[in-house]
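In case you want the letters, here they are:
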Amino acid sequence: MSVIGPGIIAGTADNDAGGITTYSVAGAQFGYHLIWVLFLITFVLAVTQEMGARLGIVSGKGLAALIRENFPFKATFFIILLSFIANWANILAEFAGISAVANIYGIPNWLFVLSSAGLISWLVISGNFKNIQRIFLTSSVLYLAYVLAGFMSHPDWSAAVKSIVVPSWIPTKDFLFMAIALIGTTVTIWGQFFIQSYFAEKGVRTQDLNLARADVYLGSFWTNFVAFFIIVATAGTLYVHGIAISDAADAAKALEPFAGTLAKHLFAWGLYNASMLGAGVVTISTAYTITEAFGWEGKVNAGFKESSSFYKLFLFCIFSTALIVLIPNFPLIPVLVTSQALNTFVLPVLFFFLLRLLNRQDIMGSHRNGLTLNIFGWLTILSLFGLNLAYFIYLIVSNLR
Amino acid sequence: MPYLSRLLNSQVSDSADEVIGRLEDVLVKVKAGEYSPLEYVVIKRRHHKKRIFIPYEAVENFSREEVSLRTLYSKINILDSLPDGYIRLNRDVMDQQIVDVAGARVVRVNDLRIGDFEGRMCVLGIDVSLRGFLRRLGLTWLDFFGLFKVNLIDWRKAQPVKGVLKLDSVSKDLIKLHPADIANIVEDLSVKQGGNLVLSLDKNMAARVFEEIDPEIQKILISSLSPEHAARISESMSIDELVDLIQSLPQHQSKQLLEYVEQDRMKKVKKLLSYEDDTAGGLMTTDYLAGLPDETVEMTVEKIRKLSDSFRSVNYVYVIDEKGKYRGVISFRKLLVSSPQELLKDIMKRSMHLPVLHPKQSIKNVAHLMTKYDLNSAAVVDQDNKFLGVVTVDDVMRVLVPNA
């Protein structure tokens, strides 16, 4: 295995346009109050990614194919459709991020968004994305700016650290929604499909399971490490001054203590980098999932002709989202946060399938889930389900009033 | 003629219209090149965990309207355990991948077509179309313009993958395919299944199929195999392909692979490894037929008989003297029309009249020269005219047209 494993790629792409925005908003709106959620998410992400990696390595198959082969056809169709919608919203968020970068620099929106969409499509279709991916991954050191900004904003460290382990709760709909969005941007539907397919496609042997584990754990840690500092940075700057974020340029202010006037550029480039990586990885994962489930697979490496459905799906996702983002007065931030929340609504369903598969003797053999993992898995499903339910109840109650 | 998806889960009743349970699965035996008759139906009874197996002869109606038995349930010879050697259509074929042998590709089964063949109910075809997809969702009415056509693959031309893609059951049709087509199928399958398919072929075929696989997937496949299995394939690969593979692998893996290479092949491999990839030296193979100037045609033909198994496409005999110097070349046609007692040196085309390649020449140069002189293969020699190897036109094509 090469140094940069799928866990790291997934972890980095997790901090995509939607991720950066959601973390920024979470910090600006609620200060440190949501950090404990992030702490729990780290474990959920690590455990579910490990399960996906193990399932992929042992079975040699992607999650979509396994669901299709082992569950009723209608159930497969249902979960794949939901996943598609959630992923599509995710890709929409990436282009919203790209459009935000255009706004920061005053570049005509349509020009920047469409040329970025064209660039991503060209990179993937010509087979260059894998090489360019390294550039995006390397540029993700830009995120370290947030770590520095976190320090420079002179946060109340004792409060920040305390908030990691001490849960706090603000009983409002917005707080709950933000918690849900936070989960949805970190533990993603596409990431679950991505990690498994990647390991299966690479033909990693079961002997190397521990290497794979190290990789996904590291990826899970990295994504939440960055998220922590984004929240600390925005909490230390925006929250304490009571600035609510209404557009992406506001989020750049979080970087001012560290970067001063450069903050705008640092934020813009970080966001652009994240959006492009996300647009590539999430869209590839989405198109791959669909073709795998519905049996239209062809080798992605094999070029346009041999796997035309893959590329058609890919292009559809890229350009439909790019065009929607170009609609004037597009409500950027709400859409970003909602796309993450949508993810959280689909997650428990997906994890249910995942857990069932991981307990199958005929698929997993001696690598089946142990009792601890199963309990953790079910707890995750139940809490996600509970959160979603609570949100709907809030929604209904607040509408009735 | 019904589709399996329409029948599954329907109620099964006996001749007294007593409901026994629901149809869960159907067992068949797969025989290469034949439609498989339905042998047993698997029934799930209400409130019973154990499934029962009823021989298909006991089934009277097997249609969308009704699945029923000929006799009373109590009179049927019921099995309550699974007989060996059968596959289950619902569990093992529906929604699984199958190899479409005629199309040399792998597809996913959306539905199965059942029907009468020579008086027996058989599986006739595999539906891989979007229409089958809609049928499974119960949404065929959506297609009121009839846009989606059913696309059936003949059951006899298909090879199920799950559980049965093993050494003894790979269908004969599959083996008869061209190695490049089998390679296509391997690329379509998951790494594990693809690896199993390659390993199920005999040694020479496995190597030839492997050589046809996309280099990127080759790399993944070889590292997913155990060292012994990898060695089994690499053993029969031609030297130049083996060298290409070794060069593409990370160091610890290429070392592992090299450990299994036999001593005399090793020398050649090492030699080839020392040349740059896109030069005549990197392109050439050291698998060639050679003869001494004083050998007779008869001796040479005998040699070809013995060795032809271990060589890929060989159309020439290269005449090389005791000192290893390149003297000339003889086409097989020339060998055929010459009398057995003639000496090679008397019938060969002399090397001094022939274009030759030098190991450091670039691929562009090589292609240019081979095109100019209409060569199928060209000898590679060093400054002292010592014979090093042969570049064939397909080695060049592979580099120039990598995705074919």
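This text goes with the structure placed above it.
Residues numbered from 1 in each chain as written. Chains lettered and ligands numbered in written order. Predicted model: local features only at pLDDT ≥ 70, side-chain atom pairs only at ≥ 80, totals over all residues. Heavy atoms only, no water.

Asks: Teacher, can you tell me more about the overall build of chain B here?
Replies: Looking only at helices and strands, one finds 18 helices and 19 strands in chain B. A compact globule built from 404 residues would reach a C-alpha radius of gyration of about 22 Å, whereas chain B, at 29 Å, exceeds it by more than 25%. Viewed in the frame of its principal axes, chain B has a C-alpha envelope of about 95 × 45 × 45 Å. Summarising the internal contacts of chain B: among those between residues at least 6 apart in sequence, 59% fall at separations of at least 24. By element, 50% of the accessible surface of chain B is carried by carbon and sulfur atoms, the whole surface being about 20900 Å². With 57 positive and 58 negative side-chain charges, chain B shows a spacing of 2 Å between the two charge centroids. (Helix = DSSP H or I, 4+ residues; strand = E, 2+ residues; numbered from the N terminus. Rg over C-alpha atoms; globule rule 2.2 N^0.38 Å. Contact = heavy atoms within 4.5 Å. Areas by Shrake-Rupley, 256 points an atom, 1.4 Å probe, with all protein chains shown as cover. Lys, Arg positive; Asp, Glu negative; His and termini not counted. Charge placed at Lys NZ, Arg CZ, Asp CG, Glu CD.)

Asks: Which parts of the structure should I look at to understand the sheet that holds strand β15 (residues 316–320) of chain B?
Replies: Strands in a sheet are paired, the pairing made by backbone hydrogen bonds, and the direction either parallel or antiparallel. Residues and elements named next belong to chain B. Ordered by their spatial adjacency, four strands build an open sheet running β14-β15-β16-β17, and the pairing between neighbours is mixed. Bordering the open sheet on either side are β14 (289–291) and β17 (349–350), each of which pairs with just one other strand. Where β14 lies against β15, three bridges are found, and the strand directions are parallel. Within β15, the residue paired with Gly 291 across the bridge is Val 319. Set on the sheet, helix α14 (residues 297–307) makes contact with β14 and β15; between it and β14 the angle comes to about 155°. (Pairing = 2+ DSSP bridges. Axes fitted to C-alpha atoms, helices over the stretch in contact; angles between N-to-C directions.)

Asks: For this particular structure, what's the right way to read the pairing of β15 of chain B?
Replies: The two faces of a sheet get side chains in turn, since along a regular strand they alternate between them. Across the five residues that make up β15 of chain B, a large majority, four, are buried. The hairpin formed by β15 of chain B and strand β16 (residues 326–331) of chain B contains five residues between the paired strands, and Gly 324 of chain B there has a positive phi angle of roughly 85°. (Buried < 20%, exposed > 50% of the residue type's maximum accessible area, 1.4 Å probe, protein only.)

Asks: Hey, could you run me through the interface of chain B and chain A in this one?
Replies: It is common to give the size of an interface as the accessible area that goes away when the parts come together. Across the contact, 25 residues belong to chain B and 25 residues belong to chain A. Between chain B and chain A lies a buried interface of about 2200 Å² when both sides are counted; carbon and sulfur atoms form 49% of it. Linking chain B with chain A are two salt bridges. The tally of links from chain B across to chain A stands at 10 residue pairs in polar contact (both at pLDDT 80 or more). (Buried area = accessible area lost by both parts, 1.4 Å probe. Salt bridge = Lys/Arg side-chain N within 4 Å of Asp/Glu carboxyl O. Polar contact = N/O pair within 3.5 Å; in protein donor to acceptor, adjacent residues only side chain to side chain.)

Asks: Please explain the environment of Ile 170 of chain A as it appears in this structure.
Replies: Residues and elements named next belong to chain A. Positionally, Ile 170 belongs in the loop between α9 (157–165) and α10 (173–186). What makes Ile 170 partly exposed here is its relative accessible area of 26%. When the C-alpha positions of Ile 170 and Leu 63 are compared, they lie 37 Å apart, and in sequence the two are 107 residues distant.

Asks: I would appreciate a short explanation of the sheet that holds strand β9 (residues 105–108) of chain B in the present structure.
Replies: Residues and elements named next belong to chain B. Strand order across the open sheet formed by three strands is β9-β8-β13, with antiparallel pairing between neighbours. Since the sheet does not close on itself, it has two edges, and those belong to β9 and β13 (158–160), each with one partner. Adjacent strand axes in the sheet meet at a mean angle of 35°, parallel and antiparallel pairs treated alike. In the sheet, strand β8 (residues 97–100) pairs with β13 via three bridges, with the strands oriented antiparallel. Among the inter-strand pairings, Val 99 is bridged to a residue of β13, identified as Gln 159. Taken strand by strand, helix α5 (residues 179–188) contacts β8 and β9, and its axis lies near 40° from that of β9.

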